[in-house]
Amino acid sequence: MEHNTPHHVRELVQQLKSELEQADVADPEKRERLERLVENIDGRLEGHLEEDHQQELVDELREEAVEFEVEHPEIAGAIRSLLNFLSSIGI
């Protein structure tokens, strides 16, 4: 099944936002860092991801997935879903 790429990425970002809103993240710095990352992704969706920023984005997402894995597996799962999709489209 082919996905409408921008639409599917937006769905995954929305899923991540929803998980973040529902989670009780005790560390406000962690929450703020992930919120900024999600907003950054949203902003980049308005245009296309510039090639020089793609790897940086993927690296940041991977770091956040590891950070949230133990205490917030739902958030980590949403991040990994987004990473998997980005990988499937060559990012």
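Residues numbered from 1 in each chain as written. Predicted model: local features only at pLDDT ≥ 70, side-chain atom pairs only at ≥ 80, totals over all residues. Heavy atoms only, no water.

Colleague: Residue-level account of the packing of helix α1 (residues 5–22) against helix α4 (residues 73–88), with values.
Modeller: Interhelical geometry of α1 versus α4 gives an angle of 165° and a closest axis separation of 8 Å. In terms of axis orientation, α1 runs roughly antiparallel to α4. Along this stretch, α1 crosses α4, giving a crossing that reads as left-handed. Where α1 abuts α4, its residues T5, H8, V9, L12, V13, Q15, L16, E19 and L20 lie against E74, I75, A78, I79, S81, L82, F85 and L86. Within the contact of α1 with α4, the residues separate by chemical class into 11 nonpolar, four polar and two charged. (Axes fitted to C-alpha atoms, helices over the stretch in contact; angles between N-to-C directions. Helix = DSSP H or I, 4+ residues; strand = E, 2+ residues; numbered from the N terminus. Parallel < 35°, antiparallel > 145°, perpendicular 65-115°, else oblique. Left-handed = near helix turned anticlockwise from the far one by under 90°. Contact = heavy atoms within 4.5 Å. Nonpolar A, V, L, I, M, F, W, Y, C, P; charged D, E, K, R; others polar.)

Colleague: An account of the environment of E35 is requested, with residue identities and associated values reported.
Modeller: Relative to the elements of secondary structure, E35 occurs in helix α2 (residues 28–45). Overall, E35 belongs to the partly exposed group, its relative accessible area being 35%. For the pair E35 and L16, spaced 19 residues apart in sequence, the C-alpha separation works out to 9.6 Å. (Buried < 20%, exposed > 50% of the residue type's maximum accessible area, 1.4 Å probe, protein only.)

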